[in-house]
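One letter stands for each residue in the lines below.
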Amino acid sequence: MTADTFGLIGTRTDADRLRNYIDRAVELFDVAAQQGSERHDIRIGTQHWRLHLAGQQPGTIFLPAFSHVELPGEVHSQPDLTVCIWEGIGTNCPLPFPDWDWENRRAHSVHQSSSDHALYADIHFNGLLTLVDRTRRLAIVWTQDLRTLHPYDISAPLATLIDQWFAPTPFMRIHSGAVGLNGTGILLTGKSGSGKSTATLASLRYGLDYVGDDYVLVDTETAVVYSLYSSAKIALENVRRFPELGAFIREDTRVPDEKAILFVEPMMPGQTAASLQLSAMVVPRVTGQTSSFISEMTSMNALLALAPSTLFQSGNFTQADFLKLSRLVRKLPAFQLHAGTDLAALVECLRQFLDANMIAAR
Amino acid sequence: MYQINAPGVVSDTLDGEAIIINLETGMYYSLEGSAAVIWKALCEGASEGDIALAFQDSFDQATEIISTFTQELVREQLLVPISSDGPTNHSWKPSHPSLPAGFPVINRFADMHDLLLLDPIHMVGAEGWPHRAEEPHTQHS
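In this text the structure is predicted, and so the values were computed from the model without any measurement. (Residues numbered from 1 in each chain as written. Chains lettered and ligands numbered in written order. Predicted model: local features only at pLDDT ≥ 70, side-chain atom pairs only at ≥ 80, totals over all residues. Heavy atoms only, no water.)

## Comments concerning the overall build of chain B
Summing up its helical and strand segments, chain B has three helices and six strands in all. Secondary structure elements of chain B, listed N to C terminal, follow the sequence β-β-β-β-α-α-α-β-β. Sequence separation of at least 24 residues holds for 65% of the intrachain contacts in chain B that already meet a minimum separation of 6. About 7,400 Å² of surface is accessible on chain B, with carbon and sulfur atoms providing 52% of the total. (Helix = DSSP H or I, 4+ residues; strand = E, 2+ residues; numbered from the N terminus. Contact = heavy atoms within 4.5 Å. Areas by Shrake-Rupley, 256 points an atom, 1.4 Å probe, with all protein chains shown as cover.)

Here's what the structure looks like:
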């Protein structure tokens, strides 16, 4: 009987390499943290995460989008996950290049995991390294130079980590906005240009509860949506429709051909809902007409609006992830929002729809 | 016989329609009516012959139509052939006695394709990481 009989050849080596690398990363983080660090406890879905940042710079990238889910005061309970974050250049504590072969090249990233998926490593194309040790409830997020990160690392930080951490659970980060009223919400789902962001920002302006405009966390079993980020994105040419938001745009995200970023919590404190029970899925479509109305649509078209953009942007998805999305679509009636140009009327249309659908997801 | 080209291809059927996503190519697809039934049958291990038999009352040239459709799925890298020595689902029967009318058609969507053109490890600036050849930090290795 050989080791191969147990399927150990190869897998143990990979796991050992990953584990040793994570151990080394923790040592280097401790060195970096000696130069100054800060700790922030946040609520991600139903979990408590502790973000431990070394150096002064990472906080400007990774923290603003989580300001609305920061737990107040000194938190003594054990977190569900501790995330160590630092930058190589700023702390002079760079990580060595991993000595394993990257596999499973997908959109945006390459990654590697141990055979039991307890250990995971991912390099995003922007140079952000994410390491996860599920057994130790520990994650490492590191980049050599924060300047290589993309504005979406500011609007949707720790995306890879969130995707990976929740992969074995019913929870999933999905590419949708969500708004609601009195505890009930709708998912606003669609590709870029569908009018999703406009509908979400209009909802914010006219007083609906805001959960997120681009990415939200959803429990696909219970159809409860959780706010992940307080960020909102807006095309610069769209600022004329929302002039009140212009002053809140983060200057370093005014990038040509990209949407600029602003943060809802400081702009409209208390308007972000932590979670809502979903009652429907709504797929916007810009009509160019003045008025708005809502009509039924097939579940298949709703899944086509939701799944490809969520899964391809995740970069590392599986059949199990896809089935989570189709399970969610099965739970929710699907509708098309024919989005008109009168934003007040559009939100009134959504408000009446929410009033009529204020029932638990079927 | 064929099987779904896993793990790069994921699929599910909803209300009799199938959606298929190919994460390797960035393409995704929807199949309705007879196309969804044939796709599901092929994924369940049914042979083209068994499927053609089921559709013989629907199409005049069922064998050719099923074969052409199947080869299109193979060309799109959604299905891969498996050995004829492998397990065969000879018991496959359509779940509904009346099969959907109409020729099988593949609806293709390419709007996500550009996302896959990004190169994960070569789009970082010279000052960034990873750059094996210019590693400024090999002392930590």
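## Points about the overall build of chain A
Of the regular secondary structure elements, chain A holds ten helices and 19 strands. A principal-axis box enclosing the C-alpha atoms of chain A has dimensions of 65 × 50 × 40 Å. A burial count over chain A gives 61% of its 362 residues as buried. Across chain A, contacts joining residues at least 24 apart in sequence account for 72% of those joining residues at least 6 apart. Carbon and sulfur atoms make up 50% of the accessible area of chain A, which totals about 13,900 Å². Taking the average place of the 30 positive charges on the side chains of chain A and the average place of its 38 negative ones, the gap between the two points comes to 5 Å. (Buried < 20%, exposed > 50% of the residue type's maximum accessible area, 1.4 Å probe, protein only. Lys, Arg positive; Asp, Glu negative; His and termini not counted. Charge placed at Lys NZ, Arg CZ, Asp CG, Glu CD.)

## Quick notes on the pairing of strand E4 (residues 27-31) of chain B
Residue and element names in this part refer to chain B. Across the five residues of E4, five count as buried, placing the element largely inside the fold. Of the two faces of E4, both are covered, the one formed by Met-27, Tyr-29 and Leu-31 as well as the one formed by Tyr-28 and Ser-30. Pairing geometry for strand E3 (residues 17-22) and E4, over five bridges, is antiparallel. Paired with Asn-22 across the two strands is Met-27, which belongs to E4. (Pairing = 2+ DSSP bridges.)

## What to know about the sheet that holds E3 of chain B
Sheet architecture is open: four strands sit in the order E2-E3-E4-E6 (chain B), paired in antiparallel fashion. Two strands close off the open sheet at either side, each with one partner strand: strand E2 (9-14) and strand E6 (106-109) of chain B. Pairwise comparison of adjacent strand axes, ignoring direction, gives a mean angle of 20 degrees for this sheet. Sheet topology note: the E4 of chain B/E6 of chain B ladder contains four bridges and is antiparallel. The residue bridging Tyr-28 of chain B from the neighbouring strand is Phe-109 of chain B, located in E6 of chain B. The strands touched by helix H8 (residues 299-314) of chain A within the sheet are E2, E3, E4 and E6 of chain B, with E3 of chain B carrying the most contacts at an inclination of about 10 degrees. Packed on one face of the sheet, helix H9 (residues 319-331) of chain A meets E2 and E3 of chain B and runs near 20 degrees to E2 of chain B. (Axes fitted to C-alpha atoms, helices over the stretch in contact; angles between N-to-C directions.)

## What about the confidence of the model for chain A?
Taken over all residues, the pLDDT of chain A has a mean of 88, while the share at 70 or more is 92%. Across chain A, strand E14 (residues 224-226) of chain A holds the top mean pLDDT of 98, while strand E4 (residues 103-106) of chain A sits lowest at 58. (pLDDT = per-residue confidence, 0-100.)

## Some remarks on the pattern of salt bridges
Tallied over the full model, the rule gives 20 salt bridges over all chains. Close ionic contact of Lys-196 of chain A with Asp-214 of chain A constitutes a salt bridge, the shortest N to O distance being 3.0 Å. One end of the pair, Lys-196 of chain A, is in helix H6 (residues 196-205); the other, Asp-214 of chain A, is in the loop between strand E12 (209-212) and strand E13 (215-219), and 18 residues separate them in sequence. In this structure Lys-196 of chain A comes out as buried when scored by relative accessible area, which is 5%. Among the ionic pairs, Glu-44 of chain B bridges to Lys-40 of chain B, the shortest N-O distance being 2.9 Å. The exposure class of Glu-44 of chain B is partly exposed, given its relative accessible area of 37%. Overlapping salt bridges bring together Arg-39, Asp-41, Arg-50 and Glu-74 of chain A as one network. (Salt bridge = Lys/Arg side-chain N within 4 Å of Asp/Glu carboxyl O.)

## Observations concerning the environment of Arg-254 of chain A
Residue and element names in this part refer to chain A. With respect to the secondary-structure elements, Arg-254 resides in the loop between strand E15 (231-234) and strand E16 (260-263). Taking C-alpha positions, Arg-254 is 9.3 Å from Ala-235, a pair spaced 19 residues apart along the chain. Sequence-distant contacts of Arg-254, defined by excluding residues within four places in its chain, comprise Leu-236, Gly-246 and Ile-249. A polar contact of 3.0 Å, which involves the side chain of Arg-254, links it to the side chain of Glu-251. (Polar contact = N/O pair within 3.5 Å; in protein donor to acceptor, adjacent residues only side chain to side chain.)

## Regarding the side chain of Gln-271 of chain A
All names here are of chain A. Tracing the sequence through the fold places Gln-271 in the loop between helix H7 (264-267) and strand E17 (275-286). Assessed through its relative accessible area of 16%, Gln-271 is described here as buried. A distance of 3.0 Å separates a polar atom in the side chain of Gln-271 from the backbone oxygen of Leu-208. For Gln-271, the contacting residues outside a window of four places in its chain are Ser-203, Leu-204, Gly-207, Leu-208, Asp-209 and Tyr-210.

## Remarks on the packing of aromatic side chains
All names here are of chain A. Taken as a whole and assessed by the stated rule, the structure comprises nine aromatic pairs over all chains. Members of the aromatic cluster, each reached through a chain of ring pairs, are Trp-49, Phe-166, Phe-171 and Tyr-226. The side chain of Arg-173 reaches across the aromatic face of Tyr-215, ending 4.3 Å from its centre. (Phe/Tyr/Trp six-rings, centres within 6.5 Å; stacked < 30°, edge-to-face > 60°. Lys NZ or Arg CZ within 6 Å of the ring centre and 35° of its normal.)

## A few points about the side chain of Gln-47 of chain A
Residue and element names in this part refer to chain A. When you line up the elements, Gln-47 lands in strand E2 (residues 47-54). In this structure Gln-47 comes out as buried when scored by relative accessible area, which is 15%. For Gln-47, the side chain forms a polar contact with the side chain of Trp-49, separated by 3.0 Å. Engagement of the side chain of Gln-47 in a polar contact is seen with the side chain of Trp-165, the distance being 2.8 Å.

## Structural notes on helix H5 (residues 159-166) of chain A
Of all eight residues in H5 of chain A, eight are buried, a share of seventy percent or more. Those residues of H5 of chain A that fall on the buried side of the exposure criterion are Ala-159, Thr-160, Leu-161, Ile-162, Asp-163, Gln-164, Trp-165 and Phe-166 of chain A.

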